[in-house]
Amino acid sequence: MSISSNIADIRRKLPSDVKLVAVSKFHPEEAIMEAYDAGQRAFGESRPQELCRKQAALPSDIEWHFIGHLQTNKVKLIVPFVHIIESVDSWHLLQEINRQALRCGRVVDVLLEVHVAQETTKSGFTVSECKELFDKEEWKALANVNICGIMTMASFTDDHEQVRAEMMQAYNLFSEVRTKHFPDSPSFTQRSWGMSNDWPVAVECHSSIVRIGTAIFGDR
Ligand SMILES: *Cc1c(COP(=O)(O)O)cnc(C)c1O
């Protein structure tokens, strides 16, 4: 299967109101261009230097989604051009994104990453840490970040019921935070979950963004 036919196949099955992010980490520019020529514009990367190299070499209308662990000293590399940082996993990182965004005169969209999986290797806030962050309301003073929703990764398992339970934890958190802190907000609307192995379950669990790498580009 080619990259373009993989994208067409996923698009055919994906509801039209769910955004497809093609996760291109570790794949070369040529592979991204093949997806681009098939109409794909949103790409996901997990390493700052790799993202900067690709951004400089590729068309400027690509929407770059940063989805990996971001060290605070690398924030300034990507803030000037990134479309959204989906993987904000600490208050300290959120503050640094705000600081760097202010320096370049931007308001940067972000998602908070929540840890619901059983694997301890995955990062993110726990559900209760995330609620505490919103309840403390200090985030309201960060004028250069726009918190647009919640991102999560479910456990890597064939047990769909477990995956579903984890994604629904993220969805319930999203709903609670939206009701309490963003009742009429046009921006706190995004739910990013679903990867190559579990995106159909994610769509059933109210995902608005799926991040798919292997099923588009093949193995890394
Ligand atoms: C790599 C990665 C993906 C894509 O995973 P695939 O299994 O290749 O689809 C999605 N989200 C995050 C955060 C990733 O790091």
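Look up: the structure comes first, before these words.
Residues numbered from 1 in each chain as written. Predicted model: local features only at pLDDT ≥ 70, side-chain atom pairs only at ≥ 80, totals over all residues. Heavy atoms only, no water.

Draft legend 1. The pattern of salt bridges, seen in detail. As enumerated under the stated definition, the model contains 14 salt bridges in all. In this structure, E29 engages R53 in a salt bridge whose closest nitrogen and oxygen atoms are separated by 3.5 Å. Of this pair, E29 sits in helix α2 (residues 29-37) while R53 sits in helix α3 (residues 48-57), placing them 24 residues apart in sequence. On the accessibility criterion, R53 (48% relative accessible area) is partly exposed. Notably, a salt bridge pairs E137 with K140, separated by 3.4 Å at the nearest N-O pair. We classify E137 as partly exposed; its relative accessible area is 39%. On the basis of relative accessibility, which here comes to 49%, the residue K140 falls in the partly exposed class. (Salt bridge = Lys/Arg side-chain N within 4 Å of Asp/Glu carboxyl O. Helix = DSSP H or I, 4+ residues; strand = E, 2+ residues; numbered from the N terminus. Buried < 20%, exposed > 50% of the residue type's maximum accessible area, 1.4 Å probe, protein only.)

Draft legend 2. Region of interest: the nonpolar core. Grouped together as the largest cluster of nonpolar side chains are 60 residues, with contacts concentrated most on I85, I97, V110, L112, F134, I150 and I216. No other element matches helix α7 (residues 160-181), which puts 6 residues into this core. Apart from the residues within four sequence positions on either side, I85 is in contact with F66, L70, I78, V79, I97, V108, D109, V110 and L111. Formed by 7 residues, the second largest nonpolar core is a distinct cluster that contains A42, I84, C148 and I209. (Core = buried A, V, L, I, M, F, W, Y, C linked by side-chain atoms within 4.5 Å. Contact = heavy atoms within 4.5 Å.)

Draft legend 3. Just the packing of helix α6 (residues 127-136) against α7, in detail. At their nearest, the axes of α6 and α7 sit 11 Å apart, and the two run at 10 degrees to each other. Taken together, the axes of α6 and α7 lie roughly parallel to each other. Side by side, α6 and α7 meet where V127, C130, K131, F134 and D135 of the first sit next to Q169, L173, E176, V177, K180 and H181 of the second. Residues belonging to the contact of α6 with α7 are distributed by class as follows: 5 nonpolar, 2 polar and 4 charged. (Axes fitted to C-alpha atoms, helices over the stretch in contact; angles between N-to-C directions. Parallel < 35°, antiparallel > 145°, perpendicular 65-115°, else oblique. Nonpolar A, V, L, I, M, F, W, Y, C, P; charged D, E, K, R; others polar.)

Draft legend 4. Summary view of the packing of aromatic side chains. Counted by the stated rule, this structure contains 8 aromatic pairs. Relative to F188, the ring of F134 has its centre 5.9 Å away and its plane inclined at 85 degrees; by these criteria the two rings are edge-to-face. Highlighted residues: F134 in helix α6 and F188 in the loop between α7 and β7 (190-192), separated in sequence by 54 residues. Using a relative accessible area of 0% as the deciding quantity, one classes F188 as buried. When the centroid spacing of 4.2 Å and the interplanar angle of 10 degrees are considered together, the rings of F182 and F188 count as stacked. Residue F182 is classed as buried on the basis of its relative accessible area, which comes to 9%. Through a chain of ring-to-ring contacts, the aromatic side chains of F134, W139, Y171, F174, F182 and F188 assemble into a single cluster. A cation over a ring is seen here: R41 above Y36, with NZ or CZ 3.5 Å from the ring centre. Its guanidinium or amino end placed over the ring of F174, R191 lies 5.3 Å from that ring's centre, counting from NZ or CZ. (Phe/Tyr/Trp six-rings, centres within 6.5 Å; stacked < 30°, edge-to-face > 60°. Lys NZ or Arg CZ within 6 Å of the ring centre and 35° of its normal.)

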